[in-house]
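Each chain is listed here by its residues.
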Amino acid sequence: MIKLNVAEIKKRLVGKTDFHFQVAAKELDLSDDDLRVSGLIQVDGEISNAGDVLLLQAHMRTNIVRACGRCLKEFAADAEADVLEKFFPADADNAEADAFTYDSDVVDITEALREGLLVAEPLQALCDPDCRGLCPVCGKDRNLADCGCDAATVDPRMAVLQKLLKS
Ligand SMILES: [Zn+2]
Ligand SMILES: [Zn+2]
């Protein structure tokens, strides 16, 4: 649970406070099923009083282990994520749907940071932009060796297309 004390910044408009800390993934309620974070997550940011809301801005840096979408190999890579969220007073009637709220001088930013990291995850991770993936015929990793299979024959739609092109 990551909490910020905002008692001081709530006293004046544009009041803000910055923060810098490192947390483990489990402190953000992230399990290995969500995201395989290796090491700590560096969090730098600030929370400011924007009048009717508190504005959280944060930048996170860490290292994440992912499986390549083409060759399935696991690899670790640096990851970064930005968070920009509003926090409404719990009794505010203008709060947006699903908005984050706070109801005292302490703001819990755990969920905002957690979501920020998850949203920044690419839909398909690649170990290398040029990863050649697994051979659809024999299943071998084509980055390691050229298996020599004629992969073009595997997909019947491609075969039809090739026939059309040849004729
Ligand atoms: Zn790969
Ligand atoms: Zn092959």
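Residues numbered from 1 in each chain as written. Chains lettered and ligands numbered in written order. Predicted model: local features only at pLDDT ≥ 70, side-chain atom pairs only at ≥ 80, totals over all residues. Heavy atoms only, no water.

### Description of the pattern of salt bridges
Then, number 1: Tallied over the full model, the rule gives seven salt bridges.
Then, number 2: Notably, a salt bridge pairs Arg114 with Asp34, separated by 3.3 Å at the nearest N-O pair. A residue pair is termed long-range when its members are at least 10 positions apart, and Arg114 in helix H1 (residues 110-119) and Asp34 in the loop between strand S2 (16-23) and strand S3 (36-49) qualify at 80 residues.
Then, number 3: With a relative accessible area of 17%, Arg114 lands in the buried category.
Then, number 4: Notably, a salt bridge pairs Asp44 with Arg61, separated by 3.5 Å at the nearest N-O pair. (Salt bridge = Lys/Arg side-chain N within 4 Å of Asp/Glu carboxyl O. Helix = DSSP H or I, 4+ residues; strand = E, 2+ residues; numbered from the N terminus. Buried < 20%, exposed > 50% of the residue type's maximum accessible area, 1.4 Å probe, protein only.)

### A few points about the coordination of the zinc ion (ligand 1)
Then, number 1: At this site the zinc ion (ligand 1) is bound by Cys68 (SG), Cys71 (SG), Cys127 (SG) and Cys131 (SG), with donor distances of 2.3 Å.
Then, number 2: Every donor counted, the four donor atoms about the zinc ion (ligand 1) form angles of 107 to 111° at the centre, which fits tetrahedral coordination.
Then, number 3: All donors of the zinc ion (ligand 1) belong to a single chain; written as a sequence motif, their spacing is C-x2-C-x55-C-x3-C. Pair noted here: Cys71 is in the loop between strand S4 (54-67) and strand S5 (74-89) and Cys127 is in the loop between H1 and helix H2 (156-166), with a separation of 56 residues, a long-range link.
Then, number 4: Residue Cys71 is classed as buried on the basis of its relative accessible area, which comes to 7%.
Then, number 5: Look at Cys127 and you get partly exposed, because its relative accessible area is 24%. (Donors = N, O, S within 2.8 Å, 3.2 Å for Na, K, Ca; no water. Tetrahedral: all angles 85-135°; square planar, octahedral: opposite > 155°, others 65-115°.)

### A look at the confidence of the model for the protein
Then, number 1: On average, residues of the protein score 90 in pLDDT, and 90% of them are at 70 or above.
Then, number 2: In the model of the protein, H2 stands out as the element of lowest mean pLDDT, 64, in contrast to S4, which has the highest, 97. (pLDDT = per-residue confidence, 0-100.)

### Examining H1
Then, number 1: When H1 is considered as a whole, its buried residues turn out to be Thr110, Ala112, Leu113, Arg114, Gly116 and Leu117.
Then, number 2: Lining the buried residues of H1 we find S2, S3, S4, S5, strand S6 (100-102) and strand S7 (106-108). (Contact = heavy atoms within 4.5 Å.)

### What about the pairing of S3?
Then, number 1: Relative to S3, S2 runs antiparallel, the two sharing eight bridges. Its bridge partner being in S3, Val23 is matched across the sheet by Ile41.
Then, number 2: Connecting S3 to the antiparallel partner S4 that follows it, the hairpin turn spans four residues, and Gly51 within it adopts a positive phi of roughly 95°. (Pairing = 2+ DSSP bridges.)

### So, the coordination of the zinc ion (ligand 2)
Then, number 1: The protein atoms that coordinate the zinc ion (ligand 2) are Cys135 (SG), Cys138 (SG), Cys147 (SG) and Cys149 (SG), at distances of 2.2 to 2.3 Å.
Then, number 2: Coordination geometry of the zinc ion (ligand 2): the four donor atoms subtend angles of 106 to 113° at the metal centre, consistent with an arrangement described as tetrahedral.
Then, number 3: Going along the chain, you hit the donors of the zinc ion (ligand 2) in the pattern C-x2-C-x8-C-x1-C.
Then, number 4: Owing to a relative accessible area of 31%, Cys149 belongs among the partly exposed residues under this scheme.

### Comments concerning unusual backbone geometry
Then, number 1: Residue Asp29 is not a glycine yet carries a positive backbone phi of 60°.
Then, number 2: By secondary structure assignment, the location of Asp29 is in the loop between S2 and S3.
Then, number 3: Using a relative accessible area of 49% as the deciding quantity, one classes Asp29 as partly exposed.

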